[in-house]
Structure formats: structure tokens, C-alpha cells
Amino acid sequence: KMFRLWAKIFKDNHMLRDTVIEDNSTDTRTHKIFHALDEVCYQFDLGKPIWLDSTVKEFQKHDKTRFTQDCFVEPIDFDYLEIHVIEED
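These numbers come from a predicted model, not from an experiment. (Residues numbered from 1 in each chain as written. Predicted model: local features only at pLDDT ≥ 70, side-chain atom pairs only at ≥ 80, totals over all residues. Heavy atoms only, no water.)

**A word on helix H1 (residues 29–44)**
For H1, spanning 16 residues, the distance from its first C-alpha to its last is 22 Å, which sits close to the expected 22 Å at 1.5 Å a residue. Buried within H1 we find Lys32, Ile33, Ala36, Leu37, Val40, Cys41 and Phe44. Backbone geometry just downstream of H1 places Asp45 in the positive-phi region, at approximately 55°. (Helix = DSSP H or I, 4+ residues; strand = E, 2+ residues; numbered from the N terminus. Expected span 1.5 Å × (residues − 1). Buried < 20%, exposed > 50% of the residue type's maximum accessible area, 1.4 Å probe, protein only.)

Right, dumping it as C-alpha cells:
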């Protein structure tokens, strides 16, 4: 089962960095999302963001959400991290 998550970092409406994480495991969708987000944070050298009620709702509705400073414990030097599921079998 193919699963791909696209992560992008934005500042001042410009994309600074992006990556695509692929997961072909037999894990649940939720586990794939969490594993992909862990990998994104590792690649971008970020602390893991906190899922707020608003980010969970937005993700459930659109397969896409943004993590702003409110979601991070440490200060971030960008406006938001956006994740988006771009492929699922």
C-alpha cells in the first residue's frame, strides 16, 4: 500500500523547504502519518509538533494541516510547517 506525505516549511508566503515521505508498510494510516511526521522533523531538524484540536480537525477534513508556532514547544524560524497526504492506496 503506497502512502506519500508532502511536508513544506513556509515563511512570508515562500516555501523554504519541502520533502516527500513514502511509506509502503502495512501499518495503519494513523501510524503512517505519525511515522512520516517523525521523519519530516528529523530531516528538517525540528522538535515534534503538538496536534491541537484545530490541526486534527483540519487534517481529518482535508488530509492537510499546518503546524504554527502554537504547535511547537521551542521557537521556530518560519511561519508554519504544512503536511499533506498526496497519495494513498
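**With respect to the sheet that holds strand S4 (residues 80–88)**
Spatially, S2-S1-S4-S3 is the arrangement adopted by the 4 strands of the open sheet, whose pairing is antiparallel. The open sheet has two edge strands, strand S2 (14–23) and strand S3 (64–67), and neither has a second partner. Here the strands of the sheet are splayed against their neighbours by 20° on average, with no regard to which way each runs. Where strand S1 (residues 3–11) and S2 come together, 9 bridges link them in antiparallel fashion. Considered in S2, the bridge of Ile9 is made with Arg17. Seen against the sheet, H1 touches S1, S2, S3 and S4 and runs at an angle of roughly 135° to S2. Of the strands in this sheet, S3 and S4 touch helix H2 (residues 53–62), which is tilted by about 155° from S3. (Pairing = 2+ DSSP bridges. Axes fitted to C-alpha atoms, helices over the stretch in contact; angles between N-to-C directions. Contact = heavy atoms within 4.5 Å.)

**Overview of the side chain of Asp23**
Among the secondary structure elements, Asp23 is positioned in strand S2. No salt bridge forms around the buried Asp23; measuring N to O, its nearest opposite-charge neighbour Lys32 is 4.9 Å away. Polar contacts involving the side chain of Asp23 include one to the side chain of Ser25, which spans 2.6 Å. Ignoring anything within four residues of it in the chain, the contact list for Asp23 reads Lys1, Met2, Phe3, Lys32 and His35. (Lys, Arg positive; Asp, Glu negative; His and termini not counted. Salt bridge = Lys/Arg side-chain N within 4 Å of Asp/Glu carboxyl O. Polar contact = N/O pair within 3.5 Å; in protein donor to acceptor, adjacent residues only side chain to side chain.)

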